[in-house]
Amino acid sequence: MGYVDHRLQPGERIIYRTKTHPVIFLWPVSLTVISLAGFLAGRENLGEISGGFAALLAVGDILVWQLSDLAVTNRRVIGKFFVRSTHFDEVTLVDLRTLEFEPGILSALFDYGTIFITDVQGNDHYFSGISGEFYQQIQARVERNQRILK
C-alpha cells in the first residue's frame with residue numbers, strides 16, 4: 001500500500017494512479033552515453049566524470065520515481081514526492097479554481113510536463129515531471145464534477 005492508499009477517506013476511490021514520468025531518467029541515460037563515447041574514444045577522464053554524474057543522477061532519479069505516488073480520486077488530487085518528503089499536495093476537486101498544464105521541453109516526444117493547480121483559497125500546488133494523461137484525468141474529473149453540480 002502506498003502513500004495515497006493511507007490518505008483515502010471513507011467512500012473515496014482511486015480513479016487514476018501514476019508516478020513521475022520516466023523522462024526524469026533522460027539525463028542519466030544521456031550522461032551514460034557520453035561516458036561510453038568517452039571511453040571508446042580513449043578519453044577516460046571524460047568517461048569517468050560523466051559516468052560518475054550519471055550514477056549520482058540515476059540514484060536520485062530512482063528514489064524520486066520509486067517514492068512518488070500520485071492519484072486522482074473521485075474527490076481529490078493527491079501527490080507525494082520524495083523531493084518534498086515532508087510535504088504533500090492535496091486538492092479537493094470541488095475547491096479547484098484553475099488547472100493548467102505546461103508541457104516540458106520534450107513533451108512532443110514524451111507527453112509530460114508540469115501541472116499547476118490553484119484552489120479557491122488561492123494556494124498554488126504543482127506537480128512536475130508528470131504525464132499528460134494525469135492532467136487529462138484531472139480535467140475529465142473536474143468537468144464531470146461541474147456537470148453534476150450544475
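About the cut-offs
- Residues numbered from 1 in each chain as written.
- Predicted model: local features only at pLDDT ≥ 70, side-chain atom pairs only at ≥ 80, totals over all residues.
- Heavy atoms only, no water.
- Patch = residues over 30% accessible without salt bridge, like charges linked within 9 Å, V, L, I, M, F, W, Y side chains within 5 Å.
- Areas by Shrake-Rupley, 256 points an atom, 1.4 Å probe, with all protein chains shown as cover.
- Salt bridge = Lys/Arg side-chain N within 4 Å of Asp/Glu carboxyl O.
- Helix = DSSP H or I, 4+ residues; strand = E, 2+ residues; numbered from the N terminus.
- Pairing = 2+ DSSP bridges.
- Buried < 20%, exposed > 50% of the residue type's maximum accessible area, 1.4 Å probe, protein only.
- 1 Å grid on protein atoms, 1.4 Å probe; cavity = no way out; pocket = protein on both sides within 12 Å on 5 of 7 lines; lining within 4 Å.
- Points joined across faces, edges and corners; volume = space filled by probe spheres on them.
- Nonpolar A, V, L, I, M, F, W, Y, C, P; charged D, E, K, R; others polar.
- Phe/Tyr/Trp six-rings, centres within 6.5 Å; stacked < 30°, edge-to-face > 60°.
- Axes fitted to C-alpha atoms, helices over the stretch in contact; angles between N-to-C directions.
- Contact = heavy atoms within 4.5 Å.
- Polar contact = N/O pair within 3.5 Å; in protein donor to acceptor, adjacent residues only side chain to side chain.

Visitor: Mind laying out a nonpolar patch on the surface, listing which residues take part and the relevant values?
Guide: A cluster of nonpolar side chains, namely Leu26, Ile105, Leu106, Leu109 and Phe110, defines an oily patch on the protein surface of about 500 Å² accessible area. Tracing the backbone through its elements, the reader meets Phe110 in helix α4 (residues 107–110).

Visitor: Describe the pairing of strand β7 (residues 124–131), naming the residues involved and giving the relevant values.
Guide: On a regular strand, one side chain projects to one face of the sheet and the next to the other, so that they alternate. Bridging between strand β6 (residues 112–119) and β7 involves six bridges; their strand directions are antiparallel. By the bridge assignment for β7, Ile115 is matched with Phe127. Here β6 folds back onto β7, and the loop between the two strands holds four residues, one of which, Gly122, carries a positive phi near 90°.

Visitor: Account for the pattern of salt bridges, naming residues and giving values.
Guide: Under the counting rule described, the total for this entry stands at five salt bridges. The partner of Arg7 in a salt bridge is Glu90, and the shortest N-O contact between them spans 2.9 Å. Of this pair, Arg7 sits in helix α1 (residues 3–7) while Glu90 sits in strand β4 (residues 88–92); the two residues are 83 residues apart in sequence, bridging distant segments of the chain. Overall, Glu90 belongs to the partly exposed group, its relative accessible area being 24%. Here the residues in one salt-bridge network are Arg7, Glu12, Arg76 and Glu90, joined through shared partners.

Visitor: Please set out the layout of surface pockets residue by residue, giving values where relevant.
Guide: One number sums up the size of the largest pocket: a volume of about 310 Å³. Considering the residues around the largest pocket, the lining is formed by 14 residues, among which Val23, Ile24, Trp27, Tyr112 and Gly129 are closest to the centre. Of all elements in the fold, only α2 (26–40), α3 (44–67), β6 and β7 reach the threshold of two or more residues within the lining of the largest pocket. When residues in the lining of the largest pocket are grouped by element, the largest group, three residues, is from β6. In the lining of the largest pocket, the residues fall into eight nonpolar, five polar and one charged.

Visitor: So, the packing of aromatic side chains: which residues are in play, and what are the values?
Guide: Enumeration over the complete set of coordinates arrives at four aromatic pairs. Between the aromatic rings of Phe127 and Phe134, the centroid separation amounts to 6.1 Å while the plane-to-plane angle is 65°, which identifies the pairing as edge-to-face. Each member of the pair, Phe127 together with Phe134, is buried. Linked through ring pairs, Tyr16, Phe127 and Phe134 together constitute an aromatic cluster.

Visitor: Which residues make up the sheet that holds strand β5 (residues 96–103), and what values do they have?
Guide: Read from one edge of the open sheet, three strands run β5-β6-β7, paired in antiparallel fashion. Unpaired on one side and paired on the other, β5 and β7 mark the two borders of the sheet. Put simply, the sheet's adjacent strands are angled 20° from each other on average, direction ignored. Strands in contact with helix α5 (residues 132–149) are β5, β6 and β7; relative to β5, the strand with the most contacts, it is inclined by about 155°.

Visitor: So what about the side chain of Thr118? Which residues, and what values?
Guide: For Thr118, the location among the structural elements is in strand β6. Exposure remark for Thr118: the relative accessible area of 14% places this residue in the buried category. Polar contacts involving the side chain of Thr118 include one to the side chain of Asp124, which spans 3.0 Å. Beyond its immediate chain neighbours, meaning those up to four positions away, Thr118 contacts Asp95, Leu96, Arg97, Thr98, Asn123 and Asp124.

Visitor: Describe unusual backbone geometry, listing the residues and the values that go with them.
Guide: Of note, the phi angle at Asp111 is positive, near 50°, even though the residue is not glycine. Residue position: Asp111 is located in the loop between α4 and β6. For Asp111, a relative accessible area of 39% translates into the label partly exposed.

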